[in-house]
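Observations on the three-dimensional arrangement
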Amino acid sequence: MRSTEQRNSIITSKRNARDKALSFAGPYLVNDHDIYTKATASEIVQRIAKGEWTSSEVLEAYMARSAMAQAKVNCLTEVLYEDARKQAKELDAEFASTKTLRGSFHGVPVSVKDNYQIEGYDATVGFTAWANNPGKKDACVVAQLRAAGAIIFVKTNVPQTMLAFECSNPLWGRTTNPWNNKYTCGGSSGGEGALLAMDGSALGIGSDIGGSLRIPASYCGVYSLKPTAERVSSIGTQAVRPGFEAIRSSHGPLARSVQDCELFCKTIFGQKDSSHQNIPMPYHAVELPPKLRFGYYLSDGMMESSPACKRAVLETVSALRKQGHECIEFTSSLNASAMEVFLGLTSSDGYKKMLSHLDSDPMEDSLFLVTLGPRLPSLVRKLACWIVKTFLGDSLFPRFFSLAREKSVLEFTDFTDQRNKVAAAWYEQVWDKYGFDGIIAPVQSLPVIPHGGSTYLSVLAAATITYNVIDSPVGTIPVTRVNPDTDKLSTDFVVGASGRSKIFETRMYLGENPVYNPKAMEGIPVGVQLVGKKWEDEKVLAMMHVVDVALGPRGFGPGSWEPTKI
C-alpha cells in the first residue's frame, strides 16, 4: 500500500500532466469556433464531405471548448490533444488526396469515458494505484471508431469504483453539473454528460451497469442510448470487478441529438470483437407503425417521484397523444424485485474486489450506504433492519439492506436464477400483457442531487437498475427543466405511503434542508427513459425520434449551454 505522501505525489503529477496537455488548446473564440461546436456529429461529417470544413478546423474548436469546460466543471482526465492533431492532419491529407471519407465518423472529435483503454494513456478510473500504467492497445470500440475516422481527443471523469452516480474520486477530483455547480453531473459516465452538455465534444462513449449512461444524460440535458448488453464490445474496458457477469455492462453513446446516437449504432452494431463475445447483429432499420402503444408510470413504487420528474413523463405522454399515439399508465411490483436481485448479486463478495483497488485512497462518501451492509456484523445488520421496520415503519429499507452482504456460491446462483425469473416475469406481466411498443419512465425520483447527496440516497438508482437486470435497451431524452413555480411538492404529500420507503422519502422531501428543492434546482434538465424489448435497439432509436419530434424545440442540443449558465 502506498503512503499518503506517495499518493499525493501521484495526484499532483497526474493533474500537472493534464494541465500541461490542456495548454496545447487555444482560447475559445466565439466568432471562429461556434459554427463547429454548434454542429452535431452528423452535420460535421456532412460539412467535411462537402469540402466546407477540415478535420483540423473542427478539432481546434472542440479542443478549445473542452478546455473551457474543464476549467468550469473539471470533467477531463487524460488529454490527447497532440495525438488528435496528428490524426486530424492525416485525415485532411487523405481526404484532399482521395476526396473520400475514411468512414462515418470522419473528422468527428469523440470523447471517451476514462475506463476505456487507449494505447499510451492511463485508464485509472480515479484510482491512484492505477496511475502511470498506460494502455498497450485501444479498447475494441475505440479502435472501431478510429477506423471510422473518429478523432479520440479526451477522456472523461468517473466516480470512484464507478458504482456510484456522483462523479468524484481522489485522483481527479469532483465534476460538477454544467447548469449549476452546487449539484453533481451524475455518473458513472458523469464527465461525458457534463462535457457533451457544454458542447465540449461532438460525441461521447460510456458504459452502464445500473444507470451510468442514463443518469448523467438526464442530469446534464443530453441524449444517450444504453444498448442491449452484448451489442457493443466490452473488450479493452478497465473493469473494477473483472469476471463479474451476473449483471452485464452495456456500452453506448452520449450525444446531443438522437441522430448522433443512431450514427454510433449504425457504425458499431454488428462489428465483431477480437474474442467474438458480442452479438454480430448489424444495424437494421425498422419501420414503425403510424400509431404506437406506449406504457408509462410516474413512480417506481419504491420512492415517490418528485413533481419535476413526474411532469417530464406527463409532458412526454401529452406530446405523444397529440401525435395520435396511445399511452397507458401501468404499475409493476417487479421494479422492487429487480432492485433486490441487483443488490443480492453486486454485493455477493462484500465488494471486496472493487474496494481492493482503493489502496491508500480514502473511500468517497458516495460509497457509504452502498458498501455499509457487508461491513457490518450479521447481527448488527439484522438488528438495524428490525429497528427500521418496527419503530420507523419502513419495510422497504430493510428489504434491500438485508441483502447487502457476502453470499455463498449457492446463494449467488439462487440470485442469478431470480434475475432470470424477474426478466421473464417482466415480459409476461408487462410487455405481453399490455402489448406495448415502448415504455416511458422517470430516470430517477429526483431531477438531480447535490454534492454528497448519494451518501444516503444511492438507492435512487433503482429507477434505472430495473432495465439492467432485465437487459432492455433504453434511450434517454431531455424533456424539460426544473421550474420552481410548477414543481413544488404537494402539501398533502405523505412519506412512505403505499409501502414506499419512509426513510428515503423523508430525506428526499422533508426536514429543514430536503434534497428536493425546486427553487435551488431551477433550470436543471429533466429527462425520461424510453425502454424497449431486448434486442430491439433500433426500434428504441426510432421511437426516440418520434418522442423528440413530438416534444418539439425545447432548448436542448448543440448551442443550448452558454458560459453564463453556470
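Residues numbered from 1 in each chain as written. Predicted model: local features only at pLDDT ≥ 70, side-chain atom pairs only at ≥ 80, totals over all residues. Heavy atoms only, no water.

A closer look at the overall build of the protein
To keep things clear, this is the line we draw: By definition, any uninterrupted DSSP run of H or I lasting at least four residues is a helix, any uninterrupted run of E lasting at least two residues is a strand, and each is numbered from the N terminus. Burial status follows relative accessibility: with a 1.4 Å probe on protein chains alone, a residue under 20% of its type maximum counts as buried, one over 50% as exposed, and anything between as partly exposed. Here, residues are in contact when the closest pair of their heavy atoms is within 4.5 Å. Accessibility throughout is a Shrake-Rupley quantity obtained with a 1.4 Å probe, and a residue counts as covered only by protein chains that appear here. Here the positive residues are Lys and Arg and the negative ones are Asp and Glu; neither His nor the chain ends is included. Every charge is mapped onto a representative atom, which is NZ of Lys, CZ of Arg, CG of Asp or CD of Glu.
Along the protein, the regular secondary structure elements total 20 helices and 15 strands. Taken along the three principal axes of its C-alpha coordinates, the protein extends 75 × 65 × 50 Å. Split into buried and exposed, the 566 residues of the protein put 62% on the buried side. Across the protein, the fraction of contacts at a sequence separation of at least 24, relative to all contacts at a separation of at least 6, is 80%. Here the protein displays about 20900 Å² of accessible surface, and carbon together with sulfur accounts for 52% of that area. Charged side chains in the protein number 60 positive and 59 negative. The centres of these two groups are separated by 2 Å.

What to know about unusual backbone geometry
In this model, Gly-187 is joined to Ser-188 through a cis peptide bond whose omega is 15°. Notably, Thr-161 is not glycine yet its phi reads approximately 75°, a positive angle. Assignment of secondary structure puts Thr-161 in the loop between strand 3 (151-156) and strand 4 (168-169). Located in the positive-phi region is Met-162, a residue other than glycine, with phi close to 65°. Structurally, Met-162 is set in the loop between strand 3 and strand 4.

Notes on the layout of surface pockets
Empty space among the atoms can be located by rolling a probe the size of a water molecule over them. Rule in force here: Two kinds of site are reported from a 1 Å grid over the protein atoms alone, namely cavities, where a 1.4 Å probe fits but cannot get out, and pockets, open sets with protein on both sides within 12 Å along at least five of seven lines, and residues are called lining when an atom falls within 4 Å of a point. Grid points are joined across faces, edges and corners, and a volume is the space filled by probe spheres set on the points. Just so you know the grouping, Ala, Val, Leu, Ile, Met, Phe, Trp, Tyr, Cys and Pro go in nonpolar, Asp, Glu, Lys and Arg go in charged, and all remaining residues, Gly too, go in polar.
When its volume is computed, the largest pocket comes out at roughly 720 Å³. In terms of lining residues, the largest pocket is bounded by 34 residues, among which Ile-209, Ala-239, Arg-241, Phe-244 and Ser-249 are the most central. If you add up the space inside the second largest pocket, you get close to 280 Å³. Lining the second largest pocket are 18 residues, with Ala-17, Ala-21, Glu-78, Val-79 and Tyr-121 positioned closest to its centre. Going through the elements one at a time, helix 1 (4-22), strand 1 (76-79) and helix 5 (81-98) are the ones with two or more residues in the lining of the second largest pocket. Per-element accounting of the lining of the second largest pocket gives the leading share, 5 residues, to helix 1. Residue classes in the lining of the second largest pocket are distributed as 9 nonpolar, 2 polar and 7 charged.

Comments concerning the pattern of salt bridges
For clarity, the cut-off: A side-chain nitrogen of Lys or Arg and a carboxyl oxygen of Asp or Glu constitute a salt bridge if their distance falls within 4 Å.
Counted under the stated rule, the structure contains 29 salt bridges. Here Arg-47 ties to Glu-52 by a salt bridge, and the two come within 2.3 Å at their closest N and O atoms. On the accessibility criterion, Arg-47 (29% relative accessible area) is partly exposed. A salt bridge links Glu-340 to Arg-399; the nearest nitrogen and oxygen atoms lie 2.8 Å apart. You can see Glu-340 sitting in helix 11 (residues 334-346) and its partner Arg-399 sitting in helix 15 (residues 396-401), a full 59 residues away along the chain. For Arg-399, a relative accessible area of 32% puts it in the partly exposed group.

Focus on the packing of aromatic side chains
Threshold: Aromatic rings from Phe, Tyr and Trp, with only the six-membered ring used for Trp, were paired whenever their centres fell within 6.5 Å, and each pair was classed as stacked if the ring planes differed by under 30 degrees, edge-to-face if by over 60, and tilted otherwise.
This structure, assessed with the given rule, holds 15 aromatic pairs. Between Phe-127 and Trp-130, the aromatic rings sit 4.9 Å apart at their centres with planes inclined by 75°, giving edge-to-face as the arrangement. Accessibility classification places Phe-127 together with Trp-130 in one group, the buried group. With 5.8 Å between their ring centres and 75° between their planes, Tyr-509 and Tyr-516 make a pair best called edge-to-face. With respect to burial, Tyr-509 and Tyr-516 carry one shared label: buried. One aromatic cluster is present, built from ring pairs that chain together Tyr-297, Phe-330, Tyr-434 and Phe-436.

Section: the packing of helix 4 (residues 55-73) against helix 5
So the rule is basically this: To define axes, lines are fitted to C-alpha atoms, for helices over the stretch in contact only, and angles between the resulting N-to-C directions are given on a 0 to 180 degree scale. Any angle from 65 to 115 degrees is called roughly perpendicular, while one under 35 is roughly parallel, one over 145 is roughly antiparallel, and all others are oblique. Here is the rule for handedness: rotate from the far helix to the near one, and if that takes an anticlockwise turn smaller than a right angle the crossing is left-handed, while a clockwise turn gives right-handed.
Running from amino to carboxyl end, helix 4 crosses helix 5 at an angle of 160°, the nearest separation of the two axes being 8 Å. When the axes of helix 4 and helix 5 are compared, the pair comes out roughly antiparallel. Crossing geometry of helix 4 relative to helix 5 is assigned as right-handed. Residues Ser-55, Ser-56, Leu-59, Glu-60, Met-63, Ser-66 and Ala-67 of helix 4 lie in contact with helix 5, whose contacting residues are Tyr-81, Ala-84, Arg-85, Ala-88, Lys-89, Leu-91 and Asp-92. Here the contact of helix 4 with helix 5 is composed, by residue class, of 7 nonpolar, 3 polar and 4 charged.

Structural notes on the sheet that holds strand 1
Rules: The pairing criterion is simple: DSSP has to find at least two bridges between the two strands.
Pairing in this open sheet of 11 strands is mixed, and the strands run 1-3-2-8-10-9-14-15-13-11-12 from one edge to the other. Because the sheet does not close on itself, it has two edges, and the strands there are strand 1 and strand 12 (326-329). On average, each strand axis in the sheet is inclined to that of its neighbour by 30°, with strand direction left out of account. Sitting on the sheet, helix 16 (residues 409-434) is in contact with strand 11 (293-296), strand 13 (438-442) and strand 15 (525-531), with an inclination near 115° to strand 13.

Points about the side chain of Asn-177
Counted only if it meets this: Polar contact criterion, stated in full: a pair of N or O atoms within 3.5 Å, where within protein one must be able to donate a hydrogen and the other to accept it, and residues adjacent in sequence count only if both atoms are side-chain atoms.
Mapped onto the elements, Asn-177 comes out in strand 6 (residues 176-177). A polar contact is formed between the side chain of Asn-177 and the backbone nitrogen of Trp-179, at a distance of 2.8 Å. Looking at Asn-177, its side chain comes within polar contact range of the main-chain oxygen of Thr-184, at 3.1 Å.

Considering the nonpolar core
Condition: Among buried residues, the Ala, Val, Leu, Ile, Met, Phe, Trp, Tyr and Cys ones that are joined through side-chain atoms within 4.5 Å form a nonpolar core.
Counting 163 residues, the largest nonpolar core has Tyr-81, Phe-264 and Ile-439 as its most contacted members. Ranked by residues supplied to this core, first place goes to helix 4 with 10 residues. Those residues in contact with Tyr-81 that sit more than four places away from it in its chain are Ala-21, Leu-22, Phe-24, Ala-25, Met-63, Ser-66, Ala-67, Leu-76, Phe-153 and Val-154. Membership of the second largest hydrophobic core comes to 12 residues, among which are Phe-127, Trp-130, Leu-163 and Val-240.

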